[in-house]
Amino acid sequence: MSSEKAADNVFKWSDDGKPVKVDKWNGTTVKNALDDAVRMIMTKHFNYEENHKLMDQRLVICTISCLFAVTALIYDFLRPFPESRLVLLICVLSYFILMGVLTLYTTYVEKNHFLVVHQKDPAGVDPDKIWTVDSCMKRFDDMYTLCIMLEDKQNNISHEATLTKSVGSWFDEAGELVGENFLKDVCALHDGMLTEKKKK
């Protein structure tokens, strides 16, 4: 598969077939577009299987928090204060404790990870290789940093590689993503990690 053909398949894939286009002056939009493009590369180009565990755990914490809030609302409606005092106290405390747990989870567990994918063994014998992807783009800055981490449990290897580059390298004047350029850089980062792993 040529880089140009791969770029067309990855970055122009949508129901209407339109290319990725953003407001290039909006840093958040640009970062999100690049994050989505990385996700497409890892899942469509390399055919890795996405793992939603990190997001699912965050959603579970948020859902339980909301259930406490709804319980307090309904109970107070059915049995107005002060009769609902104890239930309200339990629900409010539980909600704020869970918000603290959520903060700790996003800070120390989820971190900046926006994607986790599994590289399956073709034979189905060896454990999956786990690829974790982080990204960072500071406010009012054009430098996008992509960090890919590889965990190979079979060989007990864990290492990472980072790419920092101006988003101007990947977007044209109209704010359209030049898929071929971005695909080339991400693939070089990815393939370099595999080469490094073989050397070790």
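Going by the structure above, here's the rest.
Every value quoted in this text rests on a predicted model; they were computed, and no experiment measured them.

Caption draft 1: Broad picture of the overall build of the chain. Helix and strand content of the chain: five helices and five strands. Traced from its N-terminal end to its C-terminal end, the chain shows the element sequence α-α-β-α-α-β-β-β-β-α. The buried share among the 200 residues of the chain stands at 35%. Counting only contacts in the chain whose residues sit at least 6 apart along the sequence, the fraction spanning at least 24 positions is 55%. About 12600 Å² of surface is accessible on the chain, with carbon and sulfur atoms providing 57% of the total.

Caption draft 2: Molecular detail of the pairing of strand β5 (residues 157-166). Relative to β5, strand β4 (residues 143-152) runs antiparallel, the two being bridged by 10 bridges. The residue of β5 that forms the bridge with glutamate 151 is serine 158. Linkage of β4 to β5, two consecutive antiparallel strands, is achieved through a turn of four residues, within which asparagine 156 is found at a positive phi near 55°.

Caption draft 3: Region of the structure containing the sheet that holds strand β1 (residues 49-50). What the five strands build is an open sheet, ordered β1-β2-β3-β4-β5; its pairing is antiparallel. The two strands at the open ends of the sheet, each matched to only one other strand, are β1 and β5. Note: strand β3 (residues 129-136) against β4, eight bridges, orientation antiparallel. By the bridge assignment for β4, threonine 132 is matched with methionine 149. Strands β1, β2 (113-119), β3 and β4 of the sheet are contacted by helix α2 (residues 27-45), whose axis makes an angle of about 5° with β2.

Caption draft 4: Examining the pattern of salt bridges more closely. Counted according to the given criterion, the structure contains eight salt bridges. Across the pair glutamate 83 and arginine 79 runs a salt bridge whose closest N-O atoms are separated by 2.7 Å. Arginine 79 sits in the partly exposed class, given a relative accessible area of 40%. Ionic pairing is found between lysine 165 and aspartate 185, a salt bridge with its closest N-O pair at 2.9 Å. Taken together, the residues lysine 165 in strand β5 and aspartate 185 in helix α5 (residues 179-199) connect sequence positions 20 residues apart. Residue class for lysine 165 comes out partly exposed when judged on its relative accessible area of 28%. Overall, aspartate 185 belongs to the buried group, its relative accessible area being 17%. A single network of salt bridges, built from pairs that share partners, joins Asp36, Arg39 and Glu50.

Here is what the cut-offs are and how they apply
Residues numbered from 1 in each chain as written. Predicted model: local features only at pLDDT ≥ 70, side-chain atom pairs only at ≥ 80, totals over all residues. Heavy atoms only, no water. Helix = DSSP H or I, 4+ residues; strand = E, 2+ residues; numbered from the N terminus. Buried < 20%, exposed > 50% of the residue type's maximum accessible area, 1.4 Å probe, protein only. Contact = heavy atoms within 4.5 Å. Areas by Shrake-Rupley, 256 points an atom, 1.4 Å probe, with all protein chains shown as cover. Pairing = 2+ DSSP bridges. Axes fitted to C-alpha atoms, helices over the stretch in contact; angles between N-to-C directions. Salt bridge = Lys/Arg side-chain N within 4 Å of Asp/Glu carboxyl O.

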